[in-house]
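The lines below spell out each chain.
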Amino acid sequence: MRDNGMEDKLKGMGNKMKGEAKEAWGNMTGDKRIRSEGKVDQLKGKFQDTVGKAKNKLNG
């Protein structure tokens with residue numbers, strides 16, 4: 001079974017959405033730690049999405 005990167009893309013999308021929500025919550029409440037966690041989650045999601053796209057290209 002070939003891994004076409006779809007799982008990585010979906011995980012990335014989930015982490016980006018979670019991060020955006022955390023960042024927004026941190027902004028609303030003034031919680032710098034939560035806001036920072038949100039930014040980290042978004043970066044993690046972007047990285048996972050990039051990995052998924054690379055796998056797609058490799059598997060044609």
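Refer to the structure presented above.
The notes below deal with the structure included here. (Residues numbered from 1 in each chain as written. Predicted model: local features only at pLDDT ≥ 70, side-chain atom pairs only at ≥ 80, totals over all residues. Heavy atoms only, no water.)

Side note on the pattern of salt bridges
Our working definition: By convention in these notes, a salt bridge is any Lys or Arg side-chain nitrogen within 4 Å of a carboxyl oxygen on Asp or Glu. A run of H or I in DSSP becomes a helix once it reaches four residues, and a run of E becomes a strand once it reaches two; helices and strands are each numbered from the N terminus.
Within the structure shown, the criterion is met by seven salt bridges. For K11, the salt bridge is made with E7, and the minimal N-O distance between the two is 3.3 Å. Residue K11 and its partner E7 are located together in helix α1 (residues 6-29), separated by four residues, close to a single helical turn. A salt bridge links D49 to K16, with the shortest nitrogen-to-oxygen separation between them at 4.0 Å. Taken as a pair, D49 in helix α2 (residues 32-59) and K16 in helix α1 lie far apart in primary sequence, 33 residues in all. Residues participating in the shared-partner salt-bridge network are K22, R33, E37 and D41.

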